[in-house]
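An overview of the molecular structure
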Amino acid sequence: MRRVKLERISALGRDPWGHRFDDHQPIHDVRALEPHVPPKDEAGHQPPGPVARIAGRVMLRRTAGKAIFLDLRDWTGKIQVFCGKSQVGDEHWALLQEMDLGDLLGIDGTLGYTKTGELTIFATKITFLGKSILPPPEKWHGLTDVEQRYRNRSVDLFSNQESMSAFLSRSRIIAAVRSTLGAKNFIEVETPTMQAIAGGAAARPFVTHHNTLDLELYLRIAPELYLKRLLVGGMERVFEIARVFRNEGISTRHNPEFTMMECYQAYGDYNSMMDLTESIFTAAIKAVDGQFVRPLNGRSVDFTPPWSRWTYSELFLEHVGCEIHDTVAVASKAFAKGFDTEGVAHDVLVSNLFEEYVEDALEGPVFVTDYPASLCPLTKRKTTDPAVAERFELFVQGMELANAYTELNDPILQESLFRNQLAGQKAEDSMAKMDHEFIDALKHAMPPAGGLGIGIDRMVMVLLDKPSIRDVILFPLLRPKGQDSASAEPLESENRPEPKSEFEGM
RNA sequence: GCCCCUUUAGCUCAAUUGGCAGAGCAGCUGACUCUUAAUCAGCGGGUUGAUGGUUCGAGUCCAUCAGGGGGCACCA
């Protein structure tokens, strides 16, 4: 039926798909013209107000004989449009008969009030900018099915304004992260997404293959080792907003590809990074709504800096109830909790107990500092206590939002720690390999440095109070919905002829 | 990978102990130049996720499979 209307619109000499539509105003700006709308005269008549030209999607329609009320929405807001037959003329009135919910229209008219006092554009001209030949979702409930919202994001965005506003906020948050770093003289760089050795974090990588080089490549699990090479090269402050890929489970807090901001500051340390983290969050909050006391999961979190800072061992003592170095007490606590303690290293038990007792109890925002050195091999130890690493993590309601270190720049120690780490790995994880080129780079001397990583998706979740990471990633990974499961034919890539490089030079 | 829940019209949802698959919105036809999820009258709309089983009879019970959600595990 909607397709029939396409032809009728063409028959009226109009293009249902529209063309360039210059000088239209964002609906938000049009609404801001309200003070310029002249008051009604004694007879209750509305003199014409400011001229307006908008483009938007028809969300709602109310017909009343020879008048039609439309609610038009663009990405800045919504406004009512009045179309009266005598006001728009027969030609445009005929066009309006072919209009459906979901269509994109351009409207020229003047601003004024209706009898009921609603700010309205009184249309004089209607332009089709895009005919929707699929019906939009139900006008009141919209798309509520979560699967549909993730799978069919186009429809979700135009029918659920809170979804649109979340992604607009995400964009502003990322812009705030960029400008904060830029203002502190960090430069933005791009490092390889495809890496021969996927290093810089403990995670399983995705594997891919380069045909011409016949090379196994991995999608990066972190940009870290490349950013540090830049420190060696003399780029003293670098950052990357990096998409990283980890071949692991999916949950409300994990998507296989996600966005991480990593930055490195030469001649700094983890304390510099704590201050920087507060600056970044402060700028991001100002970019969203400026409210430092924010709702989160039905509770409230106060982001007003400075945030509290506690050492790992202080928190361990407080929540677990024994000294971190008390081997016997730790083992008995772990055993009481039901952990397997047989032959498990003391530090592993400590780490498990910490995760079990402490992390969930951290309302935050709180910096947890000074981790046991054995848990973080890429970190410089404290000069006063070599068993403690200069590292912090930022927690909010038990969720880890940021992770920072005083980076290890001793290539000899780094290499031996790498070897120890690799020696302890299961065969399954043997993809991890020694990155000799990275070690060689360090041998040219990397400045002492602070390094910081912030999980952008989680940061957005927390600032916008979204319970699932899928609410802040436009296109989260979902299983492809097979039309019929038989179409999932086995890939015989081995036998397939090499595709010709049709995109050479692109 | 394991456990629980879920899948009915384009969308949002009903359907009693197993007994003719329904409503609202959207759509179509008509009325109405100030409506606010407009209203009023009429009409059309379905492989109940898929396959098999039990039964005189399955949306409902059973099995398998698929998608999705939540939790656990893996993982920062």
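Each residue is numbered by its place in its chain's sequence as written, counting from 1. Written order decides the labels, with chains lettered from A and ligands numbered from 1. Under the rules for a predicted model, residues below a pLDDT of 70 receive no local features and side-chain atom pairs below 80 are neither given nor counted, while totals for whole chains, interfaces and linings still include all residues. Side-chain figures throughout are based on the complete set of non-hydrogen atoms in the structure, without hydrogens or water.

**A closer look at the overall build of chain A**
Basically, it comes down to this: Only DSSP runs of H or I with at least four residues qualify as helices, and only runs of E with at least two residues qualify as strands; both kinds are numbered from the N terminus onward. Burial classes follow relative accessibility: with a 1.4 Å probe on protein chains only, a residue under 20% of its type's maximum area counts as buried, one over 50% as exposed, and anything between as partly exposed. Any two residues whose heavy atoms approach within 4.5 Å at even a single point are treated as in contact. Under the counting rule used here, the positive set is Lys and Arg, the negative set is Asp and Glu, and His together with the chain ends is not counted. The atoms used to mark charge sites are NZ of Lys, CZ of Arg, CG of Asp and CD of Glu.
Along chain A, the regular secondary structure elements total 14 helices and 18 strands. Principal-axis analysis of the C-alpha atoms places the extent of chain A at approximately 85 × 65 × 50 Å. Burial statistics for chain A: of 506 residues in total, 45% are counted as buried. Taking the intrachain contacts of chain A between residues at least 6 apart in sequence as the baseline, contacts between residues at least 24 apart amount to 65%. Here chain A contributes 56 positively and 72 negatively charged side chains, and the mean placements of these two sets differ by 7 Å.

**Brief notes about the packing of helix α7 (residues 224-233) against helix α13 (residues 436-443)**
For any two helices packed against each other, the geometry is given by the interaxial angle and the distance between the axes. To keep things clear, this is the line we draw: Helix axes use the C-alpha atoms of the stretch in contact, all axes being lines fitted to C-alpha atoms, and the angles between their N-to-C directions lie in the range 0 to 180 degrees. When describing relative orientation, an angle under 35 degrees is termed roughly parallel and one over 145 degrees roughly antiparallel, while 65 to 115 degrees is termed roughly perpendicular and anything else oblique. Working rule for handedness: look at the near helix, and if it is turned counterclockwise from the far one by less than a right angle, call the crossing left-handed; if clockwise, right-handed. Note on residue categories: nonpolar means Ala, Val, Leu, Ile, Met, Phe, Trp, Tyr, Cys or Pro, charged means Asp, Glu, Lys or Arg, and polar means any other residue, Gly included.
Running from N to C, α7 and α13 point in directions that differ by 25°, and their axes come no closer than 9 Å. When the axis of α7 is compared with that of α13, the two are roughly parallel. Between α7 and α13 the crossing geometry is left-handed. Listed contacts from α13 to Leu 225, Lys 228, Arg 229 and Val 232 of α7 are Glu 437, Phe 438, Ala 441 and Leu 442. Grouping the amino acids of the contact of α7 with α13 by side-chain chemistry returns five nonpolar, no polar and three charged.

**So, the protein's contact with RNA strand B**
Using the following cut-off: Here a residue counts as near a molecule or strand whenever at least one of its heavy atoms sits within 4 Å of it. Polar contact is defined as a pair of N or O atoms within 3.5 Å, subject to the rule that within protein one atom must be able to donate a hydrogen and the other to accept it, and that residues adjacent in sequence are counted only when both atoms are side-chain atoms.
Surrounding RNA strand B, one finds 49 residues, the nearest of these being Thr 116, Ala 202, Glu 248, Glu 400 and Arg 479. By atom count, sugar and phosphate contribute 59% of the portion of RNA strand B lying within 4 Å of the protein. In the environment of RNA strand B, a sugar or linking oxygen lies 2.3 Å from a nitrogen or oxygen atom belonging to the side chain of Glu 248. Among the elements of the structure, β1 (51-64), β2 (67-74), β3 (77-84), α3 (85-96), α4 (146-151) and β16 (388-396) are those that each provide at least two residues to the surface near RNA strand B. Considering each element in turn, the surface near RNA strand B owes the most residues, five residues, to β1. Here the surface near RNA strand B is built from residues that sort into 15 nonpolar, 13 polar and 21 charged.

**Things to note about the side chain of Arg 2**
Selection criterion: Think of a salt bridge as a Lys or Arg side-chain nitrogen and an Asp or Glu carboxyl oxygen that are within 4 Å of each other.
One can find Arg 2 in helix α1 (residues 2-11). No salt bridge is formed by the buried Arg 2, whose closest oppositely charged neighbour, Asp 100, lies at an N-O distance of 4.1 Å. Looking at Arg 2, its side chain comes within polar contact range of the main-chain oxygen of Leu 101, at 3.0 Å. Excluding anything up to four places from it in sequence, Arg 2 contacts Asp 100, Leu 101, Asp 103, Lys 131, Ser 132, Ile 133, Leu 134, Pro 135 and Pro 136.

**A look at the pattern of salt bridges**
If the charged atoms of two oppositely charged side chains come close together, the side chains can form a pair. Overall, the coordinates contain 25 salt bridges when judged by the stated rule. Here Glu 98 makes a salt bridge to Arg 8, at a shortest N to O gap of 2.8 Å. In this pair, Glu 98 sits in the loop between α3 and β4 (104-113) while Arg 8 sits in helix α1, placing the two residues 90 residues apart along the sequence. A relative accessible area of 8% means that Glu 98 is categorised as buried. Residue classification places Arg 8 among the partly exposed residues on the basis of a relative accessible area of 34%. Of the charged contacts in the structure, one is a salt bridge between Arg 151 and Glu 147, with a shortest N-O distance of 2.9 Å. Placement of the pair is Arg 151 and Glu 147 together in helix α4, with a separation of four residues, close to one helical turn. Arg 151 sits in the partly exposed class, given a relative accessible area of 33%.

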